[in-house]
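Next come the chains, spelled out residue by residue.
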Amino acid sequence: MINAWSRTASVLLASAALTATGCSADKPADDPKFVAGQPLALESAHGLTSVTVTADGGKLEQGTNALLVVLGGADVELVSASSFMPVHGHPGPTPAVTRAGSAYRVTGLEFTMPGLWQVTLDLRAQSETDSADFVVDVP
């Protein structure tokens with residue numbers, strides 16, 4: 001009886017250790033990494049526009065964050081934003097997107113735990129849809 005219990009406990013501990021180390025996995029190979037204090041410039045997935053993202057206040061951290069997004073065309077709009085933690089398979093709360101002059105503000109971008117988060121900006125240019133994805137490594 002004790003041997004069966006020991007084996008079960010060992011398997012559970014090993015599974016927990018693998019899950020915990022998953023949070024420090026490398027970022028997805030295709031997505032650029034966004035670092036606080038540095039603007040991130042990238043092209044949208046279908047090449048409809050360029051996108052420049054900066055962190056409001058120069059910081060990205062666990063908790064609530066805000067971004068400023070500048071798009072490279074007058075006929076392109078930022079429709080929505082979302083975040084997703086691939087290692088754990090869960091999204092973050094849906095942030096708000098508002099127009100701020102010639103740019104957009106994404107507010108309420110919440111990273112609920114440390115680790116790698118994928119952020120997706122959904123774009124529209126006239127009748128076409130596009131997106132821009134990047135990774136944030138939340139300390």
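About the criteria used
- Residues numbered from 1 in each chain as written.
- Predicted model: local features only at pLDDT ≥ 70, side-chain atom pairs only at ≥ 80, totals over all residues.
- Heavy atoms only, no water.
- Salt bridge = Lys/Arg side-chain N within 4 Å of Asp/Glu carboxyl O.
- Helix = DSSP H or I, 4+ residues; strand = E, 2+ residues; numbered from the N terminus.
- Buried < 20%, exposed > 50% of the residue type's maximum accessible area, 1.4 Å probe, protein only.
- pLDDT = per-residue confidence, 0-100.
- Contact = heavy atoms within 4.5 Å.
- Pairing = 2+ DSSP bridges.
- Axes fitted to C-alpha atoms, helices over the stretch in contact; angles between N-to-C directions.

**Considerations on the pattern of salt bridges**
Opposite charge on two side chains makes pairing possible when the charged atoms of those side chains draw close.
Link 1 in the chain: Overall, the coordinates contain four salt bridges when judged by the stated rule.
Link 2 in the chain: A salt bridge links Asp-137 to Lys-33, with the shortest nitrogen-to-oxygen separation between them at 3.7 Å. Of the two residues, Asp-137 is situated in strand 10 (residues 128-138) and Lys-33 in strand 1 (residues 33-34); the sequence distance between them amounts to 104 residues.
Link 3 in the chain: Its relative accessible area of 39% is what places Asp-137 among the partly exposed residues.

**With respect to the confidence of the model for the chain**
Link 1 in the chain: On average, residues of the chain score 84 in pLDDT, and 79% of them reach the 70 mark or higher.
Link 2 in the chain: Taken element by element, the predicted model of the chain shows its lowest mean pLDDT in helix 1 (residues 2-22) (39) and its highest in strand 8 (residues 103-111) (98).
Link 3 in the chain: Throughout residues 1-27 the model reports pLDDT below 50, and contacts reaching past four residues in sequence, or to other chains, amount to 11 contacts.

**Quick notes on the sheet that holds strand 10**
Strand pairing in a sheet relies on backbone hydrogen bonds. The paired strands run either parallel or antiparallel.
Link 1 in the chain: Taken together, five strands build an open sheet; the order of strands is 1-10-9-5-6 and the sheet is mixed. Strands with a single pairing partner mark the edges of an open sheet, and in this sheet they are strand 1 and strand 6 (90-91).
Link 2 in the chain: In the sheet, strand 5 (residues 76-85) pairs with strand 6 via two bridges, with the strands oriented antiparallel. In the strand pairing of strand 6, Met-85 is matched with His-90.

**Section: the side chain of Thr-49**
Link 1 in the chain: By the element assignment, Thr-49 lies in the loop between strand 2 (40-43) and strand 3 (50-55).
Link 2 in the chain: Not counting the four nearest positions on each side in its chain, Thr-49 is found in contact with Leu-42, Glu-43, Ser-44, Leu-71, Gly-72, Gly-73, Val-76 and Leu-123.

**Some details on the pairing of strand 10**
Link 1 in the chain: Sheet topology note: the strand 1/strand 10 ladder contains two bridges and is parallel. Bridge assignment links Phe-34 to a residue of strand 10, and that residue is Val-136.
Link 2 in the chain: Strand direction decides the pairing type here: strand 9 (residues 115-125) and strand 10, joined by 11 bridges, are antiparallel. Paired with Leu-123 across the strands is Asp-130, a residue of strand 10.

**A closer look at the sheet that holds strand 2**
Link 1 in the chain: Here five strands make up an open sheet; going across it, the order is 2-3-4-8-7 and the pairing antiparallel. Edge positions in the sheet fall to strand 2 and strand 7 (96-100), since each of these pairs with one other strand and no more. Taken over all neighbouring pairs, the strand axes of this sheet differ in orientation by 25° on average, direction set aside.

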